[in-house]
Protein chains: 2
Amino acid sequence: MASSTPRSLNARKQPIQGRAAVTLDAVFEATIQLLLRDGPHQLTTTRVAHRAGVSVGTMYQYFPHKQALIYALNDRYLKALAEKIEVVCREHHGKPAADMIEALIDTYWRAKTERSDVTRALYRSVADMDNSALIEAFAIRADAATTAMLATASDTTFADLALVNRTLVTVIFGTVRNAFERNLTGAVAEDLRRELLKMCRAYLTHHSHN
Amino acid sequence: MASSTPRSLNARKQPIQGRAAVTLDAVFEATIQLLLRDGPHQLTTTRVAHRAGVSVGTMYQYFPHKQALIYALNDRYLKALAEKIEVVCREHHGKPAADMIEALIDTYWRAKTERSDVTRALYRSVADMDNSALIEAFAIRADAATTAMLATASDTTFADLALVNRTLVTVIFGTVRNAFERNLTGAVAEDLRRELLKMCRAYLTHHSHN
DNA sequence: CCATTATATGAAGGATCATTCAGTTTGAGG
DNA sequence: CCTCAAACTGAATGATCCTTCATATAATGG
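Each value, and the rule that gives it
Residues numbered from 1 in each chain as written. Chains lettered and ligands numbered in written order. Predicted model: local features only at pLDDT ≥ 70, side-chain atom pairs only at ≥ 80, totals over all residues. Least-squares fit on C-alpha atoms with pLDDT ≥ 70 in both. Contact = placed C-beta atoms within 7 Å. Helix = DSSP H or I, 4+ residues; strand = E, 2+ residues; numbered from the N terminus. Buried ≥ 20, exposed ≤ 12 C-beta atoms within 10 Å, placed from the backbone. Core = buried A, V, L, I, M, F, W, Y, C linked by C-beta atoms within 7 Å. Near = placed C-beta within 6 Å.

**Digging into the relation of the copies chain A and chain B**
Laying chain A over chain B is done by rotating through 180° and shifting 0.0 Å along the axis; what remains is an RMSD of 0.0 Å. Here the transformation between the copies is reduced to the relation of a two-fold axis. Every residue of chain A has its C-alpha some distance from the rotation axis, and the shortest such distance is that of G174 of chain A, at 2.1 Å. By residue overlap, the copies meet face to face through one surface: 100% of the interface positions of chain A are interface positions in chain B.

**What about unusual backbone geometry?**
Residue and element names in this part refer to chain A. Residue N183 is not a glycine yet carries a positive backbone phi of 60°. Along the chain, the position of N183 falls in the loop between α8 (161–181) and α9 (186–208). Its 14 C-beta neighbours within 10 Å are what place N183 among the partly exposed residues.

**Focus: the nonpolar core**
The nonpolar side chains of a soluble globular protein tend to be buried, and buried together. By size, the foremost hydrophobic cluster in this structure holds 64 residues, and its most contacted members are I172 and C200 of chain A together with I172 and C200 of chain B. With near-sequence residues (within four places) excluded, C200 of chain B lies in contact with I101, I105, L168 and I172 of chain B. Residues A52 and A68 of chain A together with Y71 and A72 of chain B belong to the second largest nonpolar core, which totals 46 residues.

**Concerning the protein's contact with DNA strand C**
Around DNA strand C, the surrounding shell holds 23 residues, and the nearest of these are A20 and G57 of chain A together with T44, G57 and H65 of chain B. For the surface near DNA strand C, the secondary structure elements donating two or more residues are α1 (18–38) and α3 (56–62) of chain A together with α2 (45–52) and α3 (56–62) of chain B. Broken down by element, the surface near DNA strand C gets its largest block of residues, four residues, from α3 of chain A.

In structure tokens, the structure reads:
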């Protein structure tokens, strides 16, 4: 995976001492805040550095250029998200399909909601070409995990597992994204999540009765 | 609606002669192509002008600044999309709910697919603050149209119309968007569209049986 | 406590780019 | 054919911003 990332996007060096890790975290955090506050267009290296309480030069010790910073931010986030999905999928092997879907929706939704600021910031972080590679890598991992899970459903076997899986994943992820784009939060979002679950379950029973 | 747009984003002047309209179209088209080809970061006024075969100065007679160009592009597109949805919703008043959903999905999907380059270009066109106002305006129009339609379903009445409507709209729009983001096209996309329809219908019958 | 390496600084360079405006060309109406 | 406004031109301006580098400070291990 790392080998497929465009060479120039890799981090310049890894933090060794503790303070360096702190600096990196501060830079990431500052990036998120500025992205949220002012949008991608206003995101300048100087501003990020200033907000993070470091100097520009420091940032350039860890990132060869600005794009690499945003890339790293997405990378970090998407890998953590993929991890969570993989874990929850593995935990639900052999369970009823309805439980699987509930777990998947809950996990994904919570991951996005827990720090909705980060979610929103990243949705804004500009869809430059390089990010799409990250998104695709995430999609592949998620697909593999959910497919493997659904294949073990204790109460259902799917005539076309790939199709059902692709449908569910696309619908769930897309719905969550759209919910954020429309700024649906709080109780409204909760209701939507419940309805989405109902919908997916209705789809599953429909499929097993066919 | 126009009165709610940030003052400075309005077009500078309307085309009067025929050639001016041609110029404007060329500028929009060039913007789309460059957005698609090189991403929003590489989109410069000079490049757009050059690609459109006009000079920078010409562009600035119609748009007070670059942001206004992107804003206008989104505005154009979203208003046309809202229009299409309103029309199809009106045409399906009084029909069975399943037909309504099919029409809605088909219309939305086709609108996005017909010129998928434009769709993708706009998805990339940077989520700067001002665009979100456009998106919200679109959402309000779409919600109103679909709610009014669903309320007249010949075979179903909904206990919580607003909730069902919000769910359907969010799921459908989100799924389509995600399908594009994952580059699902051709036969795969077709299959997904069919499955999405099944899913929404299953949701509807589930609801009417409750 | 010294040498070495890691980490941090921020002014300056250099490039890009949005925007303007003085002037030219084109079309429309009379 | 003439006049006026509309439409178009593109070099110049000024601002912004990414990136570098020479230098300084802090930690580490011996």
